[in-house]
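Structural characterization, general
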Number of protein chains: 4
Amino acid sequence: MKGNADKKFKAGIIGGAGYTGGETIRLLLNHPDVELAFVHSRSNAGNPLYAVHADLLGETSLTFTGEIQEDVNVIFLCLGHGESRKFLEATPIPDHISVIDLSQDFRLGESVNGREFVYGLPELQREAIRKAKNIANPGCFATGIQLGLLPLAKAGLLNEVHTTGITGSTGAGQSLQSTSHFTWRANNVSTYKVLTHQHLKEIRRTLQALQPAYSGALNFVPVRGDYPRGIWITSYLECALTLEEANKLFSDYYEGHPFTHVSQKQIDLKQIVNTNKCLIQLEKTDGKLVIHSIEDNLLKGASGQAVQNMNLILGLDETAGLKLKSIVF
Amino acid sequence: MKGNADKKFKAGIIGGAGYTGGETIRLLLNHPDVELAFVHSRSNAGNPLYAVHADLLGETSLTFTGEIQEDVNVIFLCLGHGESRKFLEATPIPDHISVIDLSQDFRLGESVNGREFVYGLPELQREAIRKAKNIANPGCFATGIQLGLLPLAKAGLLNEVHTTGITGSTGAGQSLQSTSHFTWRANNVSTYKVLTHQHLKEIRRTLQALQPAYSGALNFVPVRGDYPRGIWITSYLECALTLEEANKLFSDYYEGHPFTHVSQKQIDLKQIVNTNKCLIQLEKTDGKLVIHSIEDNLLKGASGQAVQNMNLILGLDETAGLKLKSIVF
Amino acid sequence: MKGNADKKFKAGIIGGAGYTGGETIRLLLNHPDVELAFVHSRSNAGNPLYAVHADLLGETSLTFTGEIQEDVNVIFLCLGHGESRKFLEATPIPDHISVIDLSQDFRLGESVNGREFVYGLPELQREAIRKAKNIANPGCFATGIQLGLLPLAKAGLLNEVHTTGITGSTGAGQSLQSTSHFTWRANNVSTYKVLTHQHLKEIRRTLQALQPAYSGALNFVPVRGDYPRGIWITSYLECALTLEEANKLFSDYYEGHPFTHVSQKQIDLKQIVNTNKCLIQLEKTDGKLVIHSIEDNLLKGASGQAVQNMNLILGLDETAGLKLKSIVF
Amino acid sequence: MKGNADKKFKAGIIGGAGYTGGETIRLLLNHPDVELAFVHSRSNAGNPLYAVHADLLGETSLTFTGEIQEDVNVIFLCLGHGESRKFLEATPIPDHISVIDLSQDFRLGESVNGREFVYGLPELQREAIRKAKNIANPGCFATGIQLGLLPLAKAGLLNEVHTTGITGSTGAGQSLQSTSHFTWRANNVSTYKVLTHQHLKEIRRTLQALQPAYSGALNFVPVRGDYPRGIWITSYLECALTLEEANKLFSDYYEGHPFTHVSQKQIDLKQIVNTNKCLIQLEKTDGKLVIHSIEDNLLKGASGQAVQNMNLILGLDETAGLKLKSIVF
């Protein structure tokens, strides 16, 4: 099933004023097979999209709406955590519409009004996603950490994992708070939720699905980085594989996955900023395997992966609308 | 004449290892109607593109070549100033191949071996570009300043102009120098070539073509900004128009130009970073008209405009391959 | 009159929770001749200073107070614009206490309850400051622009002036607003109050005091920079002096002023960040004199100059407590 | 023994053109009890200091020299790794002069020409430093990591340690290299020498001196941060202490040490940038103790600690010349 100019699929967005809503808009405006039918926002209804997303001036004359069109194939929920469940409880969405939820409300197997959600990590379960109706889109840190561990879990090689993750400021959303004040954050470093980050639950759920006996600790230190976009993950663990064997294990696992690649050279974050890619690099020292994995938190970590999931459930090319130019310079 | 998947146009790049070469590669890899046939680089011949442009890992297996293919429609020269002329003097390029030069070597009407160049600013002379064989692509500062002044020049309203331009570090290229050292440039500001910048020549040439009697001073203060990408221009001059009249003058002038738009709201640089757009905003105070104009120095100020020019000379949609997602967050 | 360890002068601060309050605290904690007697803050009364200014942990056990001690020699008002006047109208301050006000409330000759204020720009009128009781501390942009123009005004050489000023984010204070959100401001540029900035009034007042016939326009483009601290000013105007003559004019004027120096080399902003200095560099092109002047907006542009003024009115060494290490790297 | 204005101690610097040389100059220029007698640099001999360190304009008229004065009390070696040994082998330094070496050449107990060096970490062995003749100044990462672990080692509580360290770009010195290019490093993250950093040797040496049976792994992930100054360290390990007990252990250990403090609130890097302080914050989760420690890599991690060591060996107040204003805003 392939869309064409005469008969594109249609998509709507709920909560289009935030960061993930904005990125989803940008992706759908340029998508070859899907038309952005509406962007819902109560507070902005009637305003042009570019009144909120100023970069869209000259790209679309679409306005925010307070109504929900029902002649769409898919709806993206770009709402805060807890808000997606409330929205779906309060708003009747016809059964024929797929829901792709970017919050954390349905990532652990929760359902609402009989709607079941498949965890939308294509590198974990692309075929299940292709057959899914609704998608719980993974968290940003969760995506990067899991992509660094999936091949090991599948091979039954996981044990205690030590992970540092550094995130850009967009990960904290657009609300004004002291930790997002420019004067404070510029040239600064800090940590939060050390060893207790909420994404650990969905990560563990995935890893145990692949390696049921896995019960090792996942030690995760989240760091606030001094830049807007991108997540850097470094994980390490005891591992008997040689570097060559590990590289082969990872390359084999990601064979055929268009956005996740293993680099033989040292990677740096800007290689993937503003793209839907995840790059992975391995090192081996003294019995420990080190895995670096990087992604754009708003794309592969949120809106880009949501569109990738949409492509899969609509039967489109997995990369449609996602061949994005990086901002490496 | 419209390309299609079966019969794409072909393009080659000379000097593909630098910033503008890299951006031209990124644009052509995703261009719907043009195939990137070869990327020439003597020093990198034989290496995959991603050995130099690490973000291209997973996107292409193309390698740099030391040979020049002759079965292409267009060649981009992404060489340093002075190098384009040397290259064209030393290298026979068949007449059927269009040359788009990103250096400053042919912007003032110079020719080489009988090859004439049209100044490639579509908002100035789109029809002349459509008929052109070879293009001298404008300078980055020159593009932004001119787009802020073209409507006034056409209306014969220019007089002494006062301009400040702030540029990202990519404007200085990838060579290692003290003014591009991170420790020095981070959180820093400095100026260079104050009132003497070399782009003033091509700007004046354009403005006098539109307003032949124009002889006022162009006072330009170039500033090194503390960020990688984008150019901010603020110009002001004496002007009798009301703000409303000025907005109409500019909007009318840019009507139908897909990348240049007049904003009624205050603009900020990141609205256009990683796009081929130029946004313009006007203010009026005490008899003076203030014009802000912004662009990405590597795209509308270099490689993006080069591809826009290619689209025009090949008879393609002017925006083909240039619908780029901004990095506004 | 020189303070010593046994008999230091005493100072208090009103409004110690903001940026200028914090910098004044930091300067006074290390001042050799002045003791910080109290820091007043209604909302923070009872809390240790480091609860608000976290960098002071380990440096002082002082707490904020809701009371005003009267056994001090000088009080700094680090309040918002308009708040200083309200405070002095509502709060009886004994006559023996000098008031140094960092707001703009008294810079144009205003008085309150019989209290007169001398404009505290030492390079303009150090002797008047030495004899003053109360000081209206200049604005941050106003200080940098004036220091670039004082020698010309004194020589009667001013005419229409064109000025660009780029400021760090601390200039906007610590309140949370969209233009101080990290995600927005990082890698961004924007302008505000173009040609209409409120500091133009105090600048013009000073310049006309030195050159009474001066009536030329002061065109000032304020720019929001992508860094926390420091102001860069570039001004230019028609001038018949040679570069050599101009350098001599400026060097002669600032002879004996310990914080303002003329550089023969190109300057850059970080030379003065975290110091009380102003550096000036001149260029001459085509009949125009270009003046670059740089300062730390929170020090020479606010709290540092306030302490410099305190030193002068208390008869101390002008540089006492102000020999600060820059953060040039 | 306390210096005074009439009879200050004298210090010289070898290798004054680099970052640590520059910071040592800045500290000594304002030191109350020590005079900067000479700054040696072969390549810059005869030039004023501000020709290299432009921020010193107006602060000193001292020039670099190619000669070494012998009437000094102490010499700082601010040379590259390996260069200090070569210098001391080739250059006769009279026995009465103390040598404080900032390189890694003598940190593991090495000596040269009979000169023995004491490892200069005052929080480890202040009394030994007071009696020392020569000092091997600790590495920047090594200082921050050790200050986070010393109390645990002394209490015999160390086992396998997991550490992430993020450093500003000044840690890489002023040479031009691709990883210090502004365009590359801005908004970027990368790692280097993962689990193999050379500072692990001096760290282990210290820890085993306090806890001889310690043989656990020290897993250290060094990260290149997107800012010029400061080191953030997060370490964690299994620990049976409650948070309260751990806080008491650390506070007791650092009691009386003027630069190292335990914070009860979350810390962030800019609290200590441009100061000689180290702040430590503890967290406890699920049997693991998390230790955050922060310092300015050029001050407590290099030149500031070198001056602190000088103060100790000269019998001065440990904090003389080191009461520095932070750049927290």
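The structure presented is a predicted model; accordingly, all values stated were derived computationally and were not measured. (Residues numbered from 1 in each chain as written. Chains lettered and ligands numbered in written order. Predicted model: local features only at pLDDT ≥ 70, side-chain atom pairs only at ≥ 80, totals over all residues. Heavy atoms only, no water.)

**Quick look at the relation of the copies chain B and chain C**
The transformation that overlays chain B on chain C combines an axial shift of 0.0 Å with a rotation of 180°, and the residual RMSD is 0.0 Å. Both copies of the chain, as the preceding transformation shows, are related through a two-fold rotation axis. Taking C-alpha positions as the reference, the residue of chain B nearest the rotation axis is aspartate 226 of chain B, at 3.1 Å. Residue by residue, 100% of the interface of chain B is reproduced at the interface of chain C, so both copies engage with the same surface. (Least-squares fit on C-alpha atoms with pLDDT ≥ 70 in both. Contact = heavy atoms within 4.5 Å.)

**Notes on helix α1 (residues 19–29) of chain C**
A turn of α-helix holds 3.6 residues, and therefore any two residues three or four places apart point the same way. In terms of residue burial, α1 of chain C counts as a mostly covered element, since nine of its 11 residues are buried. The set of residues buried in α1 of chain C consists of Tyr19, Gly21, Gly22, Glu23, Thr24, Ile25, Arg26, Leu27 and Leu28 of chain C. Lining the buried residues of α1 of chain C we find α6 (182–185) of chain A together with β1 (9–14), β2 (34–40), α2 (49–52), β3 (74–77) and α9 (303–313) of chain C. (Buried < 20%, exposed > 50% of the residue type's maximum accessible area, 1.4 Å probe, protein only. Helix = DSSP H or I, 4+ residues; strand = E, 2+ residues; numbered from the N terminus.)

**A word on the UniProt feature "active site" (unreviewed entry) in chain A**
Residue and element names in this part refer to chain A. The positions UniProt marks with the feature "active site" (unreviewed entry) are Cys140. Look at cysteine 140 and you get buried, because its relative accessible area is 19%. Residue contacts for cysteine 140: discarding those within four places in its chain leaves His199, Ile231, Glu295, Asn297 and Gly301. (UniProt positions renumbered as here; feature names shortened; annotations may be inferred.)

**So, helix α5 (residues 140–154) of chain D**
Residues and elements named next belong to chain D. Spanning 15 residues, α5 covers 21 Å between terminal C-alpha atoms, matching the ideal 21 Å at 1.5 Å per step. Along α5, the helix axis deviates most sharply at glycine 148, where the bend reaches about 40°; the proline proline 151 sits within four residues downstream. The positive-phi residue at the C-terminal boundary of α5 is glycine 156, with phi of around 70°. (Expected span 1.5 Å × (residues − 1). Bend = angle between axes of the 7 residues up to and from the residue.)

**Brief notes about the relation of the copies chain A and chain D**
When chain A is brought onto chain D, the operation consists of a screw motion whose angular component is 180° and whose axial shift is 0.0 Å, with 0.0 Å RMSD remaining. Comparing interface residues between copies, 100% of those in chain A also sit at the interface in chain D, which points to an isologous, same-surface contact.

**Re the UniProt feature "domain: Semialdehyde dehydrogenase NAD-binding" (unreviewed entry) in chain A**
If you check UniProt for "domain: Semialdehyde dehydrogenase NAD-binding" (unreviewed entry), the listed places come out as residues 10–132 of chain A in our numbering. Helix makes up 26% of residues 10–132 of chain A and strand makes up 20%, while its end C-alpha atoms are separated by 17 Å.

**Thoughts on the packing of α5 of chain D against helix α8 (residues 243–254) of chain D**
The angle between the axes and the distance between the axes are what describe a pair of packed helices. Residue and element names in this part refer to chain D. The contact between α5 and α8 brings their axes to 9 Å, and the two run at 105°. Our classification of the angle between α5 and α8 gives roughly perpendicular. When α5 is examined against α8, the residues Gln146, Leu147, Gly148, Leu150, Pro151, Leu152 and Lys154 are found in contact with a partner set consisting of Leu249, Phe250, Tyr253 and Tyr254. In terms of residue class, the contact of α5 with α8 is built from eight nonpolar, two polar and one charged. (Axes fitted to C-alpha atoms, helices over the stretch in contact; angles between N-to-C directions. Parallel < 35°, antiparallel > 145°, perpendicular 65-115°, else oblique. Nonpolar A, V, L, I, M, F, W, Y, C, P; charged D, E, K, R; others polar.)

**As for the sheet that holds strand β12 (residues 278–285) of chain C**
Residue and element names in this part refer to chain C. The strand order across the open sheet built from seven strands is β8-β9-β7-β10-β13-β12-β11, with neighbouring strands paired in mixed fashion. Strand pairing shows two members of the sheet lacking a second neighbour, β8 (190–191) and β11 (260–263), which therefore form its edges. In terms of strand pairing, β12 meets strand β13 (residues 288–295) through eight bridges, oriented antiparallel. Its bridge partner being in β13, threonine 285 is matched across the sheet by lysine 288. This element, helix α8 (residues 243–254), spans β11, β12 and β13 of the sheet and lies at about 160° to β12. (Pairing = 2+ DSSP bridges.)

**Focus on the environment of threonine 170 of chain A**
Here threonine 170 of chain A shows up in the loop between β8 (161–167) and α6. For threonine 170 of chain A, a relative accessible area of 3% puts it in the buried group. It is 27 Å that separates the C-alpha atoms of threonine 170 of chain A and arginine 126 of chain A, two residues lying 44 residues apart in sequence. Aside from chain neighbours lying at most four places away, what touches threonine 170 of chain A is Tyr19, Pro228, Arg229, Asn297 and Leu298 of chain A, Phe329 of chain B together with Thr183 of chain C. A distance of 2.7 Å separates the side chain of threonine 170 of chain A from the backbone oxygen of proline 228 of chain A, its partner in a polar contact. (Polar contact = N/O pair within 3.5 Å; in protein donor to acceptor, adjacent residues only side chain to side chain.)

**Focus: the confidence of the model for chain A**
Averaged over all residues, the pLDDT of chain A equals 96, while 98% of them reach at least 70. On the interface metric, ipTM, the complex scores 0.96, and its pTM is 0.97. (pLDDT = per-residue confidence, 0-100.)

**So, unusual backbone geometry**
For aspartate 286 of chain A, which is not glycine, the phi dihedral falls at a positive 50°. Here aspartate 286 of chain A lies in the loop between β13 (278–285) and β14 (288–295). Positive phi values are uncommon outside glycine, yet asparagine 187 of chain B reaches one of about 65°. Within the secondary structure layout, asparagine 187 of chain B lies in the loop between α6 (182–185) and β9 (190–191). For asparagine 187 of chain B, a relative accessible area of 14% gives the class buried.

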